[in-house]
Amino acid sequence: MYSKVKGTNDVLMENAKRLSSIEAFLKRVVGVYGYEEIRVPILSQTELIHRSSGDTSDIVKKETFDFEDRGGRMITLRPEGTAPVIRAVIENKLYTRQLPLKLFYMGDMFRYERPQKGRYREFSQFGVEVVGTNSPYMDAEVILMASTIFKLLQVKKYVVKINTLGDKESRENYKNALKEYFKDKLDSLCEDCKERFNTNPLRILDCKVDANSEILLNAPKIQDYLSEKSKAEFEIVKKYLELMNVPFVVDTKLVRGLDYYTSTVFEVVIDGVDGGQSATICGGGRYDDLIKSLGGPELGCVGFGFGLERLADIVDDNIDIYKKSVLCQLIPIGDDAKVHFVKLLNELRLQGVDSEMDYEAKNLKQHFKAADANNAKFIIIAGDEELKAGTLNVKNKITNEEVTLHEGQLIRYMMQVVGESEESCGCGCHHDGEECCCEDGHDEDCCCHKHE
Ligand code: ATP
Ligand code: MG
């Protein structure tokens, strides 16, 4: 009898389905924001991981899987996605393309940790990296995207925590202030923190052992050491998030565990139930020096990583993304309509509108049963009468509204729904062949009277 390696998991069928639904959902969301997929190897040069995460980080000190391969090279199983992606950006000169690059990745990461719920030795991350951006607007957009993911997944009680580590000058001043503050308090800190005091005092703030001690709570705050430029940039991030109605809190102790972060950092956390431990589901921030330090050009970057197992744990089983769902279900009444709808089905699919029709259904009841099974958002139905008039009835299953469209309008109507285009009101009203008055955007006098 063999057993799985400690800290690894068999993902059985039901859970595999959950994970792949979440992955597909995440890809869809970041696709809307213009991200493209990149796939990079699991095997990394040890030097790359150590250099990027930092020799004093927990990951490098305690968690990496390092080994020598048969050719005597030092190899590390990637513990995170950013360094391997940035290595690929540099090696493939992706920075010569139109910037910013907006990349997403997904895959297994490896960390030698003490296994427990939500903490494994092999786990899966979904992350994004924007390469070639200095704008704090992009920091905010990345945070907005992370928070939108939680909102769309109907996760309750998530907290977006943000902070800034400032620019180099601010960080140096702050590190000095921390050293000054901690120097006569070392005896009260944990063993790791004593070492952090010498190597990177910022990391003391990230200590899980000392997290709630008075000493840490009263430590100097980065906000008092920020340069004017860093302050102004952080203000833009906050303003943008307010504008976008992203609820957030500023957590001055948030420093993140990897060495490469600069200025904006953030986490999305689910607070522990009944005083239990809170879980960080997503972490990220800006890292402006990493590309240069790995031998590439000087380019600002920002990104985040989600732990997929932790995300899957908090997403409700009953939400839409787990259900099969199509946008349109075509229901023909009679043989002529069926032949007609076969063509229409193909046209809709060619335009990227996912649609279904039950070829086997013998009556309306069976057609509607198929629509329910497919969780169709729209029912498109027509019989001989409509065929003659060149019209179709479209029922929105969510709002229960029904409209009659000219057949020629259907594809456009559905594409507007798919794109949820701002420019179109998607009113679907029957204009008798005349152009819809909403054609050029929302119009208060729209002929469909829906905007009154
Ligand atoms: P933590 O503080 O929980 O150790 P971290 O700061 O090490 O997290 P990151 O390196 O920022 O985490 O990774 C991003 C996300 O990956 C985390 O927020 C978490 O959801 C997930 N993650 C990190 N380590 C593990 C692990 N060992 N097992 C499962 N998921 C993990
Ligand atoms: Mg960790």
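Conventions adopted
- Residues numbered from 1 in each chain as written.
- Chains lettered and ligands numbered in written order.
- Predicted model: local features only at pLDDT ≥ 70, side-chain atom pairs only at ≥ 80, totals over all residues.
- Heavy atoms only, no water.
- Helix = DSSP H or I, 4+ residues; strand = E, 2+ residues; numbered from the N terminus.
- Buried < 20%, exposed > 50% of the residue type's maximum accessible area, 1.4 Å probe, protein only.
- Phe/Tyr/Trp six-rings, centres within 6.5 Å; stacked < 30°, edge-to-face > 60°.
- Lys NZ or Arg CZ within 6 Å of the ring centre and 35° of its normal.
- Axes fitted to C-alpha atoms, helices over the stretch in contact; angles between N-to-C directions.
- Parallel < 35°, antiparallel > 145°, perpendicular 65-115°, else oblique.
- Left-handed = near helix turned anticlockwise from the far one by under 90°.
- Contact = heavy atoms within 4.5 Å.
- Nonpolar A, V, L, I, M, F, W, Y, C, P; charged D, E, K, R; others polar.
- Salt bridge = Lys/Arg side-chain N within 4 Å of Asp/Glu carboxyl O.

> Honestly, unusual backbone geometry in this entry has me stumped. Any pointers?
For residues that are not glycine, phi is negative in most cases, and the peptide bond is trans in most cases. The linkage connecting Leu99 with the following residue, Pro100, adopts the cis geometry, with an omega of 0 degrees. In this fold, Pro100 is placed in the loop between helix 4 (82-91) and strand 5 (101-110). We note that Gln154 has phi near 55 degrees; this positive angle belongs to a residue other than glycine. Relative to the helices and strands, Gln154 is located in the loop between helix 5 (136-152) and strand 7 (158-164). Even without being a glycine, Ser263 presents a positive backbone phi close to 45 degrees. By relative accessible area, Ser263 is classed as buried at 9%.

> Hey, could you run me through the packing of aromatic side chains in this one?
Each aromatic ring pair is characterised by the separation of its centres together with the angle its planes make. Within this structure, the stated rule accounts for twelve aromatic pairs. Plain terms: the ring middles of Tyr181 and Phe182 are 5.0 Å apart, the flat faces sit at 75 degrees to each other, and that makes the pair edge-to-face. An aromatic cluster of three or more residues is present, and its members are Phe150, Tyr158, Phe266, Phe304 and Phe306. The positively charged end of Lys179 is found above the aromatic ring belonging to Phe197, 5.2 Å away from the centroid. Across the ring face of Tyr181, the terminal group of Lys185 is positioned such that the distance to the ring centre comes to 3.9 Å.

> Explain the packing of helix 5 against helix 9 (residues 228-243) here, please?
Geometrically, a packed helix pair is captured by the angle between its two axes and the distance between the axes. Packing of helix 5 against helix 9 leaves a shortest axis separation of 8 Å and a crossing angle of 40 degrees. When the interaxial angle is binned, helix 5 and helix 9 end up oblique. In terms of crossing hand, the pair formed by helix 5 and helix 9 is right-handed. Across the interface between the two elements, Pro136, Tyr137, Asp139, Ala140, Glu141, Ile143 and Leu144 from helix 5 touch Glu233, Ile236, Val237, Tyr240 and Leu241 from helix 9. Among the residues making up the contact of helix 5 with helix 9, the classes are represented as nine nonpolar, no polar and three charged.

> Teacher, can you tell me more about the pattern of salt bridges here?
Should the charged atoms of two oppositely charged side chains come close, the side chains can pair. As enumerated under the stated definition, the model contains 28 salt bridges in all. Residue Asp58 is joined to Arg196 by a salt bridge in which the shortest nitrogen-to-oxygen separation is 3.3 Å. Within this pair, whereas Asp58 is found in helix 3 (residues 58-63), its partner Arg196 is found in helix 7 (residues 191-199), the two being separated by 138 residues in sequence. What makes Asp58 partly exposed here is its relative accessible area of 25%. Between Glu228 and Lys231 there is a salt bridge whose closest N-O contact spans 3.7 Å. Note that Glu228 and Lys231 are positioned in helix 9 at a spacing of three residues, about one turn of the helix. Classification of Glu228 as exposed rests on a relative accessible area of 60%.

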